[in-house]
Amino acid sequence: MIVIIVSATFYALVDWNASRIMKSIKSLIAEEASVIREGKQQLVPANDIVVGDIVVLSTGERVPADLRIVQMSSDLKFDRSLLTGESDMVPGSLDSTADNALETRNLALTSTFVTQGTCHGIVFATGDRTVMGRLVSMSGETKFKLTTIQKEIWFFTKVISAVALSLFCLSLLLFGVWLRTSYPGYDTVSIAIVNSIGCLTAFVPQGLPVCVALSLTVIARRMSKRHVLVKNLATIETLGCISVLCSDKTGTLTAGKMAVESVAFLDAAYSAKDFIANFTDALSCTIAPTSTGSASQTRSPSPLTSFSSNPVHVLHAITRLCNGAKFASSHDSSTNEKSTPDSEPTIKGDPTDTAILKFATSLSAVDSTARENSGKYVKAFEIPFNSKNKWMMTVVRDTSVAAMVDEVGDAAIEKKESRKREPDVVPTQEGTWMFVKGAPDILFPACGTVMLSDGSVIPFGEAERERLGAMQSEWSSEGQRVLALCQKPLPLFKSSLPPSDLEESLYSDLHSLTLVALVGIRDPPREDVPSAIEVIRRAGVRVFMVTGDFRLTAVAIARQVGIVTQQQIDTIADVRSPVLSGKFPSGTIPAPLIKPSPDDPIRSLVLTGEDVTSLTPHDWDIILSHYTELVFARTTPDQKMKIVESIKARGDNTVAVTGDGVNDAPALKAADIGVAMGAGSDVAKEAAALVLLKNDFASIPVAIEMGRLVFDNLKKVTLYLMPVGSYTEFMAVLSNVLLGMQIPLSSYLQVCFSITNDVVMSISLMYEKAEADLMLRKPRNARTDRLTDWRLFFQIYLFLGLMAWPCAMSMWFVYMRQQGLGFYDVILVYNKWSDGWKGYTLDELTTFVNRGQCIYYVTMVFIQYGSLLAIRNRRVSILHSNPLWGPRRNLLVPVGMIGTALIAVVNLYGPGLQKVFSTTPIPRMFWGPPFGFALGILCMDEVRKACVRAWPNSFIAKMAW
């Protein structure tokens, strides 16, 4: 009852602590919302919002439901990082820009924030029907499933229970058909039932539940010291079974701190550091415009062709003004720009814009002219970056002409539009510029000229495009995100038009741009990631990258951290090639065998989210049986979950997933074990089983090692408990039921030994360190590699146990012999053991039995010393791995030995225990021989290990646990 109560209470507390997902979800929902009903704007509880309501949103508010935007300011932006995991601000739009709800700009989604601007939206979904609700429901759809260690304990329980119940029934049957008639008076009905229950309880190791819980707790504490939070102790051992790790990229493999790394003009490329430190002065010369018609005209623009003829000033202006990030200081941002290059100004914005703004700040610090030049201009209009256009546009105006009467310019513009073939009659507004920053692939076709490093401009032809395209590919292959910086004079700016019309007008003006430069931005991998992945792969775990980032960038980061090691990377076309389709015919390979062979060469594959959507089960069979290194790019939450489920269904894989956003929650929940980052969303952390509090990827191999260690230690604990704590106890009960002998171990001493002596000694095994080859073994196959297989049972019942119980039984017979009772005076006696047997009174016979039971108990206690030392190491001799010194030092072993000895002394000499449970002191000679038995067991196991090491392919080695 104590065991049941303690275990149930312990696991109830763990489950209560781990089941708070709804509390976190509620904190993500807005409490109130401003809606327009019956023509009036009013504040209502967010729970009262219904489909069709018009919701009014402003900066800083959380979106209370899924809305379709019907009215908005031109600067509207949303923070969707909670849903998408990406920190880029998403601009709003009145028109749909994508089929995917997470990417389109005309929707405001539940739980996201309005970071800038205002809007009105019509509610089209609430509660569980929202995108947020769907993601949360996906993370909760996975039904409860047993962890690997729970499956192992359940399997062991079924085996032991089946045998124990069989023995229970056999004992009752023997009494009913044999003992009751053949030896009347030997057992009454009540005694027969008690003896039968004794068979049941003796065969079951009562201390095992407590030892399992303590083992998991010990490992959990070790992991907590490495800032790894284990929410459910039962999941710890699953870590040791991991065969595939699906890792997110941003914030997990990378540091999440972007910085400009490279700068390139058409004719020169620099690292950002060298560009700022060494080339500013060299590029500061101003090129004077030349006369029209000269040969140098193509390299010397007129004032209207370029913002400035100094490339540093142009570069600074675009990076500073065409930027969505802002300085956190409430003062003028120019103050922040005067900081030294080494300072870190506080900037608010997405990582890409923040990195570019820091680069602009560094340029300002070394070139005051560039800072002053940019300071003359103010933003007149801005089209934020969006995933469809893949560029950002800013219109700036010189402050000296910003006060011009816009109506005059607009009238001239209207005149020009009516006479598009006669532009010379339209007066211009010099000092108005269009700056564009975005993906090179999108902006290259809109460029007509390109700037050189000396500030001159030449036509942007095919050769120039190929040269910069090759540079873009090279940088992308190094893991850099490449952006093109462009400019164009905009003398015909329609400033008085409504924002939506003005934006449409600027779209039509996106041509004849001057490509100024390319910049490369890198989010560097965490320093500890490559070494951690090397350890993980050496442990036989395949590491896949699953990210929403672009394919080239994902592959580049995968190369840098060691996920991809091959030069050739296949694509979906290679998967569907006739060669592979013929090599892996559909349906010919059983699901458990769909995995690469250890002898196969390492092959790499990259797939996009679109590829994942189109994959058939046969494609998955080919991918997971042929490729060792996989990168999944541009994936959505449902695609991530599909990836996880497809991997789990093949190759007996145990899959772990890392993630930090709400979009990762479905995959985290679907995985065998989800690993969330401590800085991630609450929903991700609640969906995961493991939380890396310090966002430290290097903690993952530690967690895998701890998972394998807990399985090893549990196996050792089981092997320690069963030979003596179960088998030897059972033989004592069996001798009473079957052989007509007084029971050599009382019920009290049985239970006391199982839940005190056994547990105290096994604690030292829970603190055992990892054996040298632990992280060099293949991952445990959770389906075929059991905690208790036939090898373990062979070790228990035909090796250690077969030595332990005869030793304990021999001490019982030796003591009885000293009292004048020979072997046949004790065994097969049945109902003869009564008053007058061999001249002894019943009280004297009872005293002999009580003292003999204590001798049997003490022998069991000290025999355990030999068992413990024998099973500490699976292969290595105790001479090279003893508990007192060296790499496997474990001082809890001698402490545990002393503790069990003290428990035995208390049981034998405690006055209260003597009176209630009939324990008694034993003769001194019976304290010594058990140590000899323990030494004998240890020596026999040392011989066995030596045979295993000497003949690894022998029958003895195959039986080794």
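Residues numbered from 1 in each chain as written. Predicted model: local features only at pLDDT ≥ 70, side-chain atom pairs only at ≥ 80, totals over all residues. Heavy atoms only, no water.

Engineer: Sorry if this is basic, but what is going on with a nonpolar patch on the surface here?
Structural biologist: A cluster of nonpolar side chains, namely Leu738, Leu739, Phe823, Tyr824 and Leu828, defines an oily patch on the protein surface of about 490 Å² accessible area. Within the secondary structure layout, Leu738 lies in helix 26 (residues 699-738). (Patch = residues over 30% accessible without salt bridge, like charges linked within 9 Å, V, L, I, M, F, W, Y side chains within 5 Å. Areas by Shrake-Rupley, 256 points an atom, 1.4 Å probe, with all protein chains shown as cover. Salt bridge = Lys/Arg side-chain N within 4 Å of Asp/Glu carboxyl O. Helix = DSSP H or I, 4+ residues; strand = E, 2+ residues; numbered from the N terminus.)

Engineer: What exactly am I supposed to notice about the nonpolar core here?
Structural biologist: By size, the foremost hydrophobic cluster in this structure holds 138 residues, and its most contacted members are Met223, Ile236, Ile563, Phe697, Trp812 and Tyr857. If one sorts the elements of this core by residue count, helix 26 sits on top with 21 residues. Residues contacting Trp812, with those up to four places away along its chain left out, are Met741, Gln742, Ile743, Pro744, Val826, Val849, Gly852, Gln853 and Tyr856. By size, the runner-up hydrophobic cluster in this structure holds 35 residues, among which are Phe632, Ile643, Leu668 and Ala687. (Core = buried A, V, L, I, M, F, W, Y, C linked by side-chain atoms within 4.5 Å. Buried < 20%, exposed > 50% of the residue type's maximum accessible area, 1.4 Å probe, protein only. Contact = heavy atoms within 4.5 Å.)

Engineer: Would you take a moment to explain unusual backbone geometry for this structure?
Structural biologist: Within the chain, His227 stands out as a residue other than glycine whose phi angle is a positive 60°. Its location among the elements puts His227 in the loop between helix 7 (208-225) and strand 10 (228-230). Classification of His227 as partly exposed rests on a relative accessible area of 37%. The phi angle at Ser918 is positive, at roughly 60°, despite the residue not being glycine. In this structure, Ser918 sits in the loop between helix 32 (911-917) and helix 33 (929-950).

Engineer: Looking at this model, I keep getting lost on empty space enclosed by the protein. Mind explaining?
Structural biologist: Over the atoms a probe the size of a water molecule is rolled, and this reveals where empty space is left. A complete count under the given rule lists six cavities of 30 Å³ or more for this structure. Every residue lining the largest cavity is listed: Cys246, Ser247, Asp248, Val546, Lys640, Val644, Val657, Thr658, Asp664 and Ala667. Going through the elements one at a time, strand 11 (244-247), helix 23 (637-648) and strand 27 (655-659) are the ones with two or more residues in the lining of the largest cavity. Classifying every residue of the lining of the largest cavity by side-chain character gives five nonpolar, two polar and three charged. Each pocket or cavity is described by its volume, and for the second largest cavity that value is around 60 Å³. What lines the second largest cavity is simply Lys249, Met258, Gly479, Gln480, Arg481, Ile521, Arg522, Asp523, Asp549, Thr553 and Ile557. Put simply, the parts of the chain that give the lining of the second largest cavity at least two residues each are strand 21 (480-489), strand 22 (513-522) and helix 18 (551-561). Residue classes in the lining of the second largest cavity are distributed as three nonpolar, three polar and five charged. (1 Å grid on protein atoms, 1.4 Å probe; cavity = no way out; pocket = protein on both sides within 12 Å on 5 of 7 lines; lining within 4 Å. Points joined across faces, edges and corners; volume = space filled by probe spheres on them. Nonpolar A, V, L, I, M, F, W, Y, C, P; charged D, E, K, R; others polar.)

Engineer: What's the story with the sheet that holds strand 6 (residues 89-91) in this structure? I'm lost.
Structural biologist: Strand pairing in a sheet is mediated by backbone hydrogen bonds. Such pairs are either parallel or antiparallel. Read from one edge of the open sheet, three strands run 6-5-8, paired in antiparallel fashion. In this open sheet, the two edge strands, each paired with only one partner strand, are strand 6 and strand 8 (113-116). Shown here is a sheet whose adjacent strand axes are inclined to one another by a mean of 40°, direction ignored. In this structure, strand 5 (residues 77-79) lies alongside strand 6, joined through three bridges in antiparallel fashion. In the strand pairing of strand 6, Phe78 is matched with Val90. (Pairing = 2+ DSSP bridges. Axes fitted to C-alpha atoms, helices over the stretch in contact; angles between N-to-C directions.)

Engineer: Could you clarify how one ought to interpret the side chain of Thr788 in this entry?
Structural biologist: Within the secondary structure layout, Thr788 lies in the loop between helix 27 (747-766) and helix 28 (790-818). Residue classification places Thr788 among the buried residues on the basis of a relative accessible area of 1%.

Engineer: I tried to follow the environment of Ser247 on my own but got confused; where do I start?
Structural biologist: As for its position among the elements, Ser247 is in strand 11. Overall, the relative accessible area of 0% leaves Ser247 in the buried class. Those residues in contact with Ser247, other than ones at most four positions away along the chain, are Thr252, Leu253, Phe544, Met545, Val546, Thr658 and Phe697. Within the structure, the side chain of Ser247 is placed 3.2 Å from the side chain of Thr658, a separation counted as a polar contact. (Polar contact = N/O pair within 3.5 Å; in protein donor to acceptor, adjacent residues only side chain to side chain.)

Engineer: Explanation requested: the pairing of strand 23 (residues 542-546) in the structure shown.
Structural biologist: Successive residues of a regular strand alternate their side chains across the two faces of the sheet. Of all the five residues making up strand 23, five are buried; the element is thus mostly covered by neighbouring parts of the structure. Going residue by residue along strand 23, you find Arg542, Phe544 and Val546 tucked away on one face and Val543 and Met545 tucked away on the opposite face as well. Note that strand 11 and strand 23 share four bridges and pair parallel. Across the sheet, Ser247 pairs through a bridge with Met545, a residue of strand 23. Of the strand pairs in this sheet, strand 23 and strand 26 (residues 629-633) are connected by two bridges, and their pairing is parallel. Residue Val546 lies in a different strand from strand 26, and its bridge partner there is Phe632.

Engineer: Can you walk me through the packing of aromatic side chains in this structure?
Structural biologist: Each aromatic ring pair is specified by the distance between its two centres and by the angle formed by the two planes. Applying the stated criterion across every chain, the model contains 23 aromatic pairs. Pairing Phe823 with Tyr824 gives two aromatic rings, centres 5.0 Å apart and planes at 90°, and the pair type is edge-to-face. (Phe/Tyr/Trp six-rings, centres within 6.5 Å; stacked < 30°, edge-to-face > 60°.)

Engineer: Can you walk me through the confidence of the model for the protein in this structure?
Structural biologist: Within the protein, residue pLDDT values average 83, and 86% of them lie at 70 or more. Every residue in residues 282-306 scores below 50 in pLDDT, and together they form 45 contacts with partners more than four places removed in sequence or on other chains. Per-residue pLDDT stays below 50 along residues 330-335; that stretch engages in three contacts with residues further than four places along the chain or on separate chains. (pLDDT = per-residue confidence, 0-100.)

Engineer: Could you clarify how one ought to interpret the pattern of salt bridges in this entry?
Structural biologist: Opposite charge on two side chains permits them to pair, given that their charged atoms come into close proximity. Counting across every chain of the model gives 22 salt bridges. Note that Arg872 and Glu768 form a salt bridge whose closest N and O atoms lie 2.6 Å from each other. Taken together, the residues span a long stretch of sequence, with Arg872 in the loop between helix 30 (842-871) and helix 31 (892-909) and Glu768 in the loop between helix 27 and helix 28 at a distance of 104 residues. Classification of Arg872 as buried rests on a relative accessible area of 0%. Residue Lys838 pairs with Asp825 through a salt bridge whose shortest N-O separation is 3.3 Å. With Lys838 in the loop between helix 29 (823-826) and helix 30 and Asp825 in helix 29, this residue pair connects regions lying 13 residues apart in the sequence. One salt-bridge network, in which partners are shared between bridges, spans Glu152, Glu237, Arg780 and Arg786.

Engineer: Looking at this structure, I do not really get the sheet that holds strand 27. What am I missing?
Structural biologist: Read from one edge of the open sheet, nine strands run 10-29-28-27-11-23-26-25-24, paired in mixed fashion. A single partner strand is all that each edge strand has here, and the edge strands are strand 10 and strand 24 (569-570). With three bridges joining them, strand 10 and strand 29 (residues 690-692) adopt antiparallel strand pairing. In the strand pairing of strand 29, Val230 is matched with Leu690. Contacting strand 11, strand 23, strand 26 and strand 27, helix 23 crosses the sheet at an angle of about 160° to strand 27.

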